[in-house]
Amino acid sequence: MAAATGAITPGRSARRRASPSSRRLESGINFFDTANRYSLGNSEEILGRAIRDFARRDEVVIATKVYGRMRPGPNGAGLSRKAIFAEIDASLGRLGMDHVDLYQIHRWDYDTPIEETLEALHDVVKVGKARYIGASSMHAWQFARALGIAERHGWTRFVSMQNLVNLLYREEEREMPRALATTATRLTTLRSASSVLANNRVIASSVSVRMLV
C-alpha cells in the first residue's frame, strides 16, 4: 500500500510550492498524481523539483495524464498517436524524469479511434517512458471496451481508473466499481482527498499500488 496525493495548482513561489510536497513525503505519502493540463504544465515542473529535492525517484510513484489542450491546433490536445507521443516527451521534460510510473488518459477522446490511442499507449510503455497505463473519467462501458480491445490485440492494458467520487453525485457508484472488480483493476478517486475503492471496500487516504512498486 502507498499513500496518495494529487498536484493541480501551484502557489506563489518555487520554495512555497515545493514545501507541501516535502511535508507529504515526510508523512509517508509516496504516490503523486498530476496532469499535463494542470496549470499548463507548471504542476509537473513543481512536482519534479520537489521529488528531486526531497525524495529518491525509486521510492515514489509518479502518475500524470494526457488529453487536455496544451496549445492551439488540431494536435494540441486529444489522444491521437501524434499527440500522445508529443505529450509524454513534454511531460517527462517538465518532470525532469526519464519515465513515469503511471500514464493515464484524462478523458475519453471521441475524435480519435480508441484503437489508435491504445496502440500508442502500448508503444509508450514498450519504449520505457511509462511503466503502466491507466484511465480517468469515462463510462464503465467505455472502460470495458478499451480493456477488451487491448486484450484482443495483445497491447498493454489499463491497470487503474480514476473517476469522480462525490457525495452529491453518486452515479459513478452504479457500474464502475463492479466493472473494475471483474477486471482486477484499481480505482483511484478524484476530488475526495485521496480515498480509493479497492477489494470492495473504501480505504481512506491510500491507494493500492502493488503493481507499480
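The preceding data block contains the structure.
Student: Is there a simple way to think about the pairing of strand β2 (residues 29-33) in this case?
Tutor: Sheet faces and side chains relate simply in a regular strand, where the side chains alternate between the two faces. A large share of β2 lies buried, amounting to five of its five residues. As paired elements, β2 and strand β3 (residues 61-66) share three bridges and run parallel to each other. Residue Phe31 lies in a different strand from β3, and its bridge partner there is Val61. Each parallel crossover has a hand, and for β2 linked through helix α2 (residues 42-54) to β3 it is right-handed.

Student: Help me understand the pattern of salt bridges in this model?
Tutor: Once the charged atoms of two side chains with opposite charge are near each other, the side chains can pair. Tallied over the full model, the rule gives eight salt bridges. Each of Arg56, Asp58 and Glu59 takes part in a single network of salt bridges with overlapping partners.

Student: Is there a simple way to think about helix α6 (residues 172-181) in this case?
Tutor: Residues lying three or four places apart along an α-helix face the same way, a consequence of the helix completing one turn every 3.6 residues. Among the residues of α6, those classed as buried are Glu172, Met176, Ala179 and Leu180. The buried side chains of α6 occupy one side of the element, clustering within an arc of 95 degrees when seen end-on. Every exposed residue of α6 that faces more than 90 degrees away from the buried side is listed here: Arg174 and Arg178.

Student: Quick question: what am I supposed to make of the packing of helix α4 (residues 114-126) against helix α5 (residues 140-153) here?
Tutor: Think of two packed helices as two axes; the pair is described by the angle between the axes and how far apart they sit. Relative to each other, α4 and α5 sit at 60 degrees, their axes nearing to 10 Å. In terms of axis orientation, α4 runs oblique to α5. Handedness of the crossing formed by α4 with α5: right-handed. Packed against α4, whose contacting residues are Ile114, Glu115 and Leu118, the element α5 presents Arg145, Ala146, Ile149 and Ala150 at the interface.

Rules of the game
Residues numbered from 1 in each chain as written. Predicted model: local features only at pLDDT ≥ 70, side-chain atom pairs only at ≥ 80, totals over all residues. Heavy atoms only, no water. Buried < 20%, exposed > 50% of the residue type's maximum accessible area, 1.4 Å probe, protein only. Helix = DSSP H or I, 4+ residues; strand = E, 2+ residues; numbered from the N terminus. Pairing = 2+ DSSP bridges. Right-handed = clockwise from strand over helix to strand, strands pointing away. Salt bridge = Lys/Arg side-chain N within 4 Å of Asp/Glu carboxyl O. Arc of directions from axis to C-beta. Axes fitted to C-alpha atoms, helices over the stretch in contact; angles between N-to-C directions. Parallel < 35°, antiparallel > 145°, perpendicular 65-115°, else oblique. Left-handed = near helix turned anticlockwise from the far one by under 90°. Contact = heavy atoms within 4.5 Å.

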